[in-house]
Amino acid sequence: MFHLLRRGLIAGVDVFLTPRQRQLPPDELRQYRVLVGTALSMLLLNLLFSINLRSSPIAGRRAVAAVALVAVASYALVLLLVRMGRSFRNLALLTCGILTSAVLLVTISTSDRGVVSHATVMLVPLLAVYLLGGRLGFIFTAIVCLGVGPVHQLYHWGFGSKPPLLAILTSLGSNSSSVLALLIGWGLFWLHSSSREQAHAALTRAMETLRESEGKLISLIESTDDFVMSVDTEGRRVAANRPALQLISTLTGSELPPGAPLFPPVPREPWSKLLVLFKKALTGQRDRTEVEFLLEGRSRTLETIASPLLNKEGRVVGVTFFARDISARREAEVRLAELHRGLLDVSRHAGMAEVATGVLHNVGNTLNSVNVSVGVVGERLRTSRVPGLARAAELMKEHLPRLGSFLTEDERGRQLPPYIIAVSERLVLEREALMTEVKSLSESVEHMKSVVSMQQENARFIGVVEQIQVARLLDDALRLHAQSLDKEGIQVRREYAEVPPVLVDRHKLLQILFNLLSNARHALQESGRPDKRLTVRISVSADGEVLRIEVTDNGVGISPENLPRLFSQGFTTKKSGHGFGLHTSALAAAELGGALTCTSPGPGQGATFLVELPALPNQEG
């Protein structure tokens, strides 16, 4: 009944509103309805009041009736102006002005305090505060307070025998209950209006935030290619993004409207896996699975996550499914595995080639020394005095019958002994120099033989796991770099502790050590330091289970942002690097059951590479 009455009143008020006004936001529409309702109510009230005044004994009833009729005409004007679409503020000012003017005119028209303090006077602060706000509402309320108090008292009874000031102060107490009620009414209405405005402002901000968040959430869900769907505890669709609806439509051949069940009565793949996820999420557990199915003749894989939706009490009220098509990733992983296997083979060959390059580099450096020695020997032989000695011998042979007189009497003969003495001394010096160069040649040839022999020895054990002494293998790796280290003035420090042997593939470990020494040499070369220092250290962990090989340099160092990527395939900081060395070494260390790590204080402060391998247990005792 009350609901029907409310709807009837609203429909009656809306008749006086224009179509544009009826489309206003709820708050503005509500103010227009109150304004029209006030005008209609006051029009009817003043009309009835003017009719009842005919039989009323109050003083000045004709003047009061005239005021009431004028008010009726004024409120009718307000309704007309509303219908004409005038601005709300002007209409509110006009309505409050009419009501206040009517109170003042009635105050002047009659001396009856009952009429002046009529209950309708309380409408002034109520409407003024609601329609115009607290400040303007107070102005209208103050005018009415003056009217029903001092103005009414002084207009009808004057100052009497009292002085004017005292009469005014006395008149302030006249009808004080009405004045106080008006002020209290204004205060209460203003307090209510302020609280309502604050609450409305807070609600508006909350709604705007909610709409903004909802818009962002919808935009986020719709902008992703992942499949997102939310269902209730019965498995009925609550919300879903476009990709999810398209996928379900493709799989089932029909749409899934809101409220429709997601799972068929007899679930088969892939629905059975999703149903298991759904039931687990209803218990409050978040889980994931991979769902495979055929779509358009092609195998598809969805990585699906089911998350429970909880209310404030922590009770599950629904489940959200997040799914991502990882078919391309699965295919890429298969191809990547194949490429990885191929890369391992290429990396091993690259490592073998790098070691071989080191061998050739050392042999090449030695051959340079051989070439220098051969050149020196050739130059010595070309400038040798042996041909002069031979000519002196021929000259003595020609004068052999009279050699004595030739050496004493002939000018050439007298020069021959000093010449032979000088040539002999020169030949002794040449012999010593040639012996030095021959010795150098012999040492260079021996070095080349030892390098080639070492490489052949290590190459014989490719792919074979054996028990080795790490110190010897590390010395072999240093020997491969010996010529380059000496040439660049790098000081090598060996700090070898007594360590147990390791069971490894000799060639893989040599490849790791060779790469680490090569990187250290390049880092020292690029640093330009005069005190280039390379330290190789062998130690064992406290429990004796891990053997550690450290290669430390004081070269260019490594920046912190590069450390995590140091062992990634293709990553290098060298201008001519290929990014195979450290990546291959890390893989080789992992294949040996160990690990390769690196630490560096920063650029210009060197770096330390650490190889950790499982050590063989101590067999002593």
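Check the entry above for the structure.
Residues numbered from 1 in each chain as written. Predicted model: local features only at pLDDT ≥ 70, side-chain atom pairs only at ≥ 80, totals over all residues. Heavy atoms only, no water.

**As for a nonpolar patch on the surface**
Step number 1: Taken together, Leu44, Leu47, Leu48, Ile51 and Leu69 make up a surface patch of nonpolar side chains, about 440 Å² in accessible area.
Step number 2: Take the nonpolar patch: its biggest share by element is four residues, from helix 3 (residues 26–52).
Step number 3: Note that Ile51 resides in helix 3. (Patch = residues over 30% accessible without salt bridge, like charges linked within 9 Å, V, L, I, M, F, W, Y side chains within 5 Å. Areas by Shrake-Rupley, 256 points an atom, 1.4 Å probe, with all protein chains shown as cover. Salt bridge = Lys/Arg side-chain N within 4 Å of Asp/Glu carboxyl O. Helix = DSSP H or I, 4+ residues; strand = E, 2+ residues; numbered from the N terminus.)

**With respect to the pairing of strand 11 (residues 595–599)**
Side chains on a regular strand alternate between the two faces of the sheet.
Step number 1: On strand 11, burial follows the alternation: Leu596 and Cys598 on one face are buried, whereas Ala595, Thr597 and Thr599 on the facing-out side are not.
Step number 2: Two elements, strand 11 and strand 12 (residues 607–614), share five bridges in a ladder whose sense is antiparallel. Looking at strand 12, one finds that Cys598 is bridged to Phe609. (Buried < 20%, exposed > 50% of the residue type's maximum accessible area, 1.4 Å probe, protein only. Pairing = 2+ DSSP bridges.)

**Regarding the pattern of salt bridges**
Step number 1: For the coordinates displayed, the defined rule picks out twelve salt bridges.
Step number 2: Of the charged contacts, one joins Asp232 and Arg236 as a salt bridge, the two residues approaching to 3.1 Å between their closest N and O atoms.
Step number 3: One salt bridge in this structure joins Glu488 and Arg521, with 3.5 Å as the shortest N-O distance. On the criterion of sequence distance, the pair formed by Glu488 in the loop between helix 18 (482–487) and strand 7 (491–496) and Arg521 in helix 19 (residues 506–527) is long-range, its members being 33 residues apart.
Step number 4: Assessed through its relative accessible area of 12%, Arg521 is described here as buried.
Step number 5: Counted as one network, the salt bridges with shared partners bring together Glu495, Arg537 and Glu550.

**Overview of the packing of helix 5 (residues 88–109) against helix 7 (residues 123–132)**
Step number 1: Where helix 5 contacts helix 7, the axes come no closer than 10 Å and their chain directions differ by 170°. Considering the angle they form, helix 5 stands roughly antiparallel to helix 7. Helix 5 and helix 7 meet at a crossing whose hand is left-handed. Between helix 5 and helix 7, the residues in contact are Phe88, Arg89, Ala92, Leu93, Cys96, Leu99, Thr100 and Val103 and Leu123, Val124, Leu127, Ala128, Leu131 and Leu132, respectively.
Step number 2: Each residue belonging to the contact of helix 5 with helix 7 can be placed in one class, and the counts come to twelve nonpolar, one polar and one charged. (Axes fitted to C-alpha atoms, helices over the stretch in contact; angles between N-to-C directions. Parallel < 35°, antiparallel > 145°, perpendicular 65-115°, else oblique. Left-handed = near helix turned anticlockwise from the far one by under 90°. Contact = heavy atoms within 4.5 Å. Nonpolar A, V, L, I, M, F, W, Y, C, P; charged D, E, K, R; others polar.)

**Thoughts on the sheet that holds strand 5 (residues 316–325)**
Step number 1: Read across the sheet, five strands follow the order 2-1-5-4-3 without closing on themselves; strand pairing throughout is antiparallel. Lying at the two open borders of the sheet, with one neighbouring strand each, are strand 2 (237–240) and strand 3 (287–295). With direction set aside, neighbouring strand axes in the sheet form an average angle of 25°.
Step number 2: Across nine bridges, strand 4 (residues 298–310) lies against strand 5 in antiparallel orientation. In the sheet register, Thr304 faces strand 5, and the bridge partner there is Ala323.
Step number 3: Each of strand 1 (227–232), strand 2, strand 3 and strand 4 is contacted by helix 11 (residues 242–252), which is oriented at about 80° to strand 1, the strand it contacts most.

**Brief notes about the packing of aromatic side chains**
Step number 1: A complete count under the given rule lists six aromatic pairs for this structure.
Step number 2: Relative to Phe278, the ring of Phe263 has its centre 5.3 Å away and its plane inclined at 45°; by these criteria the two rings are tilted. Of this pair, Phe263 sits in the loop between helix 11 and helix 12 (271–282) while Phe278 is found in helix 12, placing the two residues 15 residues apart along the sequence.
Step number 3: Owing to a relative accessible area of 13%, Phe263 belongs among the buried residues under this scheme.
Step number 4: The exposure class assigned to Phe278 is buried, which follows from its relative accessible area of 6%.
Step number 5: Here the aromatic rings of Phe567 and Phe609 are separated by 6.4 Å at their centres, their planes lie at 90°, and the arrangement is edge-to-face. Here Phe567 is found in the loop between strand 10 (546–553) and helix 20 (581–591), whereas its partner Phe609 is found in strand 12, with 42 residues between them in sequence.
Step number 6: Taking the relative accessible area as the measure of exposure, Phe609 reaches 6% and is therefore buried. (Phe/Tyr/Trp six-rings, centres within 6.5 Å; stacked < 30°, edge-to-face > 60°.)

**Some words on the sheet that holds strand 10**
Step number 1: In space, the five strands of this open sheet follow the order 7-9-10-12-11, with mixed pairing throughout. The open sheet is flanked by strand 7 and strand 11, the only strands paired with a single partner. Strand-to-strand twist in this sheet, taken as the mean axis angle between neighbours without regard to direction, amounts to 15°.
Step number 2: Packed on one face of the sheet, helix 19 meets strand 9 (533–540), strand 10, strand 11 and strand 12 and runs near 25° to strand 10.

**Concerning helix 11**
Step number 1: Buried within helix 11 are the following residues: Pro243, Ala244, Leu247 and Ile248. Across the axial projection of helix 11, the buried residues extend over an arc of 130°, all falling on one side.
Step number 2: On its buried side, helix 11 packs onto strand 1, strand 2, helix 12, strand 3 and strand 4.
Step number 3: Just beyond helix 11, the residue with positive phi is Gly253, at close to 80°. (Arc of directions from axis to C-beta.)

**Notes on the side chain of Asn241**
Step number 1: Tracing the chain through its elements places Asn241 in the loop between strand 2 and helix 11.
Step number 2: According to the relative accessible area criterion, Asn241 is buried, its value standing at 1%.
Step number 3: Apart from residues lying up to four places away in sequence, Asn241 is in contact with Ile221, Glu222, Thr224, Asp226, Phe227 and Val228.

**Focus: the nonpolar core**
One broad rule of soluble globular proteins: the nonpolar side chains tend to lie buried together.
Step number 1: Counting 39 residues, the largest nonpolar core has Leu509, Leu516, Leu534, Leu547, Ile549, Phe609 and Leu613 as its most contacted members.
Step number 2: Those elements giving two or more residues to this core turn out to be helix 17 (470–480), strand 8 (502–505), helix 19, strand 9, strand 10, helix 20, strand 11 and strand 12.
Step number 3: By residue number, the principal contributor to this core is helix 19, which donates eight residues.
Step number 4: Contacts of Leu509, omitting those with residues within four sequence positions, involve Ile468, Leu473, Val504, Ile549, Leu592 and Leu613.
Step number 5: Of all hydrophobic cores here, the second largest spans 34 residues; its members include Ala92, Ile98, Val121 and Leu131. (Core = buried A, V, L, I, M, F, W, Y, C linked by side-chain atoms within 4.5 Å.)

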